[in-house]
Structures are given as C-alpha cells and as structure tokens.
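Working through the structure, step by step
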Amino acid sequence: MATCTLCPRHCGADRERSPGYCGADGTMRVARAAPHHWEEPFLSGKYGSGTVFFTGCQLRCVYCQNREISRGKAGKPVSIRQLADIFLSLQAQGVHNINLVTPDLYLPQVADALRIAKRDGLTLPVVMNCSGYETVEMLRGMEGLIDIYLPDFKYCSTLLAKKYSSAADYPQVAKAALEEMVRLQPRIRKDRQGMLKAGVVARHLLLPGHVSDSKRVLAYLHQTYGDRIYISIMSQFTPIGLEAVPELNRRVTEEEYEDLIDFARRLGIRKAFVQEGSAASESFIPPFDGEGVE
C-alpha cells in the first residue's frame, strides 16, 4: 500500500497516508454483504448470490450505477478476520456462492481472508465480479482462490473509454485481463441444479446511442472465445445524475437493445443472457447500508 500499483493506473499512491485514484486508502471497507437475487440466473438461483460490495473503484465511470460506493461515500472498515467471518456467515445463510464486487483495490487482504475462510470451512464457489480493468499480475496473485470470473467488457472504442471512464487503455487492458481469466478458468462447469461452479461470464452493458461499439464488443468476445465463455448482454442502464452528459441521460430504447440482440443471434452466440425491459430500473441497485458488515 505504500506505492500502490494494484490497478492498471499505477498511480503510486501511498495509501497508508492518503487515498489513491480509486478513492481507497489502506483500510479495507465493505458497504454491504447480503444475498443478492439480481445476478444471472445460474449465480442467483433460489437463495441468492452472497455479494460483498467493496468501497472504491479504479474506473469511476461517469454513468456508474453504484456511485455511492465507487466514489467512497459508503462502507465500513473491516479487518481480514472480519471479512473471512462475513464469507462464512453468508455461507451459513444458504447462498449459492461468495460474490466479490469490485474487490480489486484490496486483493492482498481479500486473498488472506479467503484463505482463512477456506481453512475454517468455506466450500462455496468464489466469484470475482469486476470492471475488466485489471492487471494480469493482479489476477495471477489470486490464482487458486477464484472459481468464477464475472468481468465487464465495457468498450472496444478507446475514445469512449477515455470519455466515459478516463481510461483510453481500457480495451487493451480488458482484453489481456479476460485472456488471463479464461486461462485460469478455461471451462464452464455447473452442478446438477444448473448453478455455475466455475468458468468465465463476460458482461456488457449497452449504453444509449452506442449500439455500434456494443456490436464490436460482442463480435470480439464471440470470435475470440466462442462457447468457452458466457456473455451477459445487459440493458439495465439507468441514468442517474447525468445532466452533464446529455447523450447518456436517457435509458436504452427497446429498438437499440433488440438491434444488438439480433446482431448476437446473427453472430451465432449461443451461451448468452439477455434482459427484459424491467431490468432498467433503479430498484435493481441495492441499498449500501452496511447490511451484513457488523
């Protein structure tokens, strides 16, 4: 934490003294740890995915749906031992997996917590739910601890990546990160109930007015990985506080989303999830009220 290079920005912040670009300092913070029923069906299942929402983000996209935590406005300090106990508590509640949401900024501590929890009886699959903006070195540091990778793949366009996420290198970084994730978990595995046990699921959120770049993303994912990964094609974009970005200050239309889904069909994508229009609702954003963190 003295010269932080955990994320691709390599900001070099001394996080023991002050936050890095991500907004996180040397103290691990969690905003919510509870069953979550709004993930892909083979993650949420009947009893929910055991989501642990970490505070801070190295991207801080202008349209972020979870800005309360990505901007560091919510979250309670937790120790490594407390985090391990949170994992075990979620398992005791009957969830299908442990779902780490943006854990990137604390991966050394998270890795230690997972090792402790596994030693103390954690047997559930562990999901890394992340932005796609991760270094290969960081992913290798978690080898053997993550069963399911759930990255975003936001853009193929460097211009969009720079404009909306201040990260012109996002496409090249995300491609390298996804390649490493597939190397680490090269095969989709499910249990007898159809719940995901291992593999990679790449998420793509369609942005209003940007169907063409979304088509480039789907083409890249399918042509590179075929049926080795699942693709989750998301329509749930919710405009919150985007008056300064007028082109994004609306929801995705049915026509835009259907155009993208039709394109996916023509590509021959078979392992995919699609969303109904009701997914574009603020009710799908959970309250970051510290539930499960005490």
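The model shown is predicted, which means the values in this text are computed figures rather than measured ones. (Residues numbered from 1 in each chain as written. Predicted model: local features only at pLDDT ≥ 70, side-chain atom pairs only at ≥ 80, totals over all residues. Heavy atoms only, no water.)

**Describing helix α6 (residues 158-165)**
Using the following cut-off: Note on classification: 1.4 Å probe, protein chains only; a residue is buried when its accessible area is under 20% of the maximum for its type, exposed when over 50%, partly exposed between these limits. Secondary structure counts use DSSP, requiring at least four H or I residues in a row for a helix and at least two E residues in a row for a strand, with both numbered from the N terminus. Note that the arc is computed from the directions linking the helix axis to the C-beta atoms. Throughout, a contact is declared for two residues whenever any of their heavy atoms are within 4.5 Å. Identification of polar contacts relies on pairs of N or O atoms within 3.5 Å, with a donor-acceptor requirement for protein atoms, meaning one able to donate a hydrogen and the other able to accept it, and with residues adjacent in sequence counted only if both atoms are side-chain atoms.
Among the residues making up α6, those that are buried are Leu160, Ala161, Tyr164 and Ser165. The buried residues of α6 occupy an angular sector of 100 degrees when the element is viewed end-on, so they sit on one face. Away from the buried face of α6 by more than 90 degrees, exposed residues Leu159, Lys162 and Lys163 are located. Taken together, the buried residues of α6 touch α7 (170-184) and α8 (211-225). Between a side-chain oxygen at the N-terminus of α6 and the backbone nitrogen of leucine 159 the separation is 3.2 Å; the capping residue is serine 157. Where α6 terminates, the next one or two residues include serine 166, which has phi positive at roughly 50 degrees.

**Some words on the packing of aromatic side chains**
Put simply, the rule reads: Stacked, edge-to-face and tilted labels apply to pairs of Phe, Tyr and Trp rings (six-membered ring for Trp) whose centres lie within 6.5 Å, assigned for plane angles under 30 degrees, over 60, and everything in between, in that order. Two conditions define a charge located above a ring, namely a distance within 6 Å from the ring centre to NZ of Lys or CZ of Arg, and an angle within 35 degrees of the ring normal.
Following the criterion strictly, the structure yields eleven aromatic pairs and no others. Relative to tyrosine 164, the ring of tyrosine 63 has its centre 6.3 Å away and its plane inclined at 80 degrees; by these criteria the two rings are edge-to-face. Linking tyrosine 63 in the loop between β2 (49-54) and α2 (67-70) with tyrosine 164 in helix α6, this pair joins segments that are 101 residues apart in sequence. Across this residue pair, the class does not change: tyrosine 63 and tyrosine 164 are buried. Measuring from ring centre to ring centre gives 6.0 Å for tyrosine 133 and tyrosine 170, while their planes differ by 15 degrees; the resulting arrangement is stacked. Placement of the pair is tyrosine 133 in the loop between β5 (126-130) and α5 (136-140) and tyrosine 170 in helix α7, with a sequence separation of 37 residues. Looking at tyrosine 133, the relative accessible area reads 2%, which means it is buried. The rings of Tyr133, Phe153, Tyr155, Tyr170 and Tyr220 are connected pair by pair, giving a single aromatic cluster. Over the ring of tyrosine 220 we find lysine 175; its NZ or CZ atom is 4.7 Å from the centre of that ring.

**Quick notes on the layout of surface pockets**
Using the following cut-off: Lining residues are defined by having an atom within 4 Å of a point belonging to a cavity or pocket. Those points lie on a 1 Å grid over the protein atoms alone, cavities being sets where a 1.4 Å probe fits but cannot get out and pockets being open sets with protein on both sides within 12 Å along at least five of seven lines. Grid points are joined across faces, edges and corners, and a volume is the space filled by probe spheres set on the points. For this classification, the nonpolar set comprises Ala, Val, Leu, Ile, Met, Phe, Trp, Tyr, Cys and Pro, the charged set comprises Asp, Glu, Lys and Arg, and every other residue, Gly included, is treated as polar.
Here the largest pocket defines a volume of roughly 970 Å³. Taken together, 41 residues make up the lining of the largest pocket; nearest its centre are Asn66, Asp152, Arg203, Met234 and Gln236. Of all the secondary-structure elements, those providing two or more residues to the lining of the largest pocket are α2, β5, β8 (196-205), β9 (230-234) and β10 (272-274). Considering each element in turn, the lining of the largest pocket owes the most residues, three residues, to β8. When its residues are assigned to classes, the lining of the largest pocket shows 20 nonpolar, 15 polar and six charged.

**A word on the state of the cysteines**
The criterion, for reference: Throughout, a disulfide means two cysteine sulfur atoms within 2.5 Å of one another.
On inspection of all chains with the given rule, the structure shows zero disulfides. The cysteine cysteine 11 is free of any disulfide, with cysteine 4 supplying the nearest cysteine sulfur at 5.6 Å. Residue cysteine 11 is classed as partly exposed on the basis of its relative accessible area of 40%.

**A word on the side chain of serine 232**
Relative to the assigned elements, serine 232 resides in strand β9. In this structure, serine 232 is in contact with Glu40, Val201, Ala202, Arg203, His204 and Phe273, ignoring residues within four places of it in sequence.

**Some words on the environment of glutamine 91**
In this structure, glutamine 91 sits in helix α3 (residues 80-92). Distance from glutamine 91 to serine 49, taken between C-alpha atoms, is 9.8 Å for residues 42 residues apart in sequence. Polar side-chain contacts of glutamine 91 include one of 2.8 Å to the backbone nitrogen of threonine 123.

**Quick look at the side chain of glutamate 40**
Structurally, the position occupied by glutamate 40 is in the loop between β1 (29-36) and α1 (41-44). For glutamate 40, the side chain forms a polar contact with the side chain of serine 232, separated by 2.7 Å. Glutamate 40 has contacts with Leu150, Arg203, Ser232 and Phe273, leaving out every residue within four places of it along the chain.

**Side note on the pairing of β8**
Cut-off, in case you're wondering: By the convention used here, strands pair only if DSSP detects at least 2 bridges between them.
With nine of its ten residues buried, β8 lies for the most part within the structure. Pairing of strand β6 (residues 148-151) with β8, which is carried by two bridges, proceeds in the parallel orientation. Paired with tyrosine 149 across the strands is valine 200, a residue of β8. Judged from the two bridges that link them, strand β7 (residues 189-190) and β8 form a sheet pairing that is antiparallel.

**Quick word on unusual backbone geometry**
Residue arginine 60 is not a glycine yet carries a positive backbone phi of 55 degrees. When you line up the elements, arginine 60 lands in the loop between β2 and α2. Since its relative accessible area comes to 31%, arginine 60 is described here as partly exposed.

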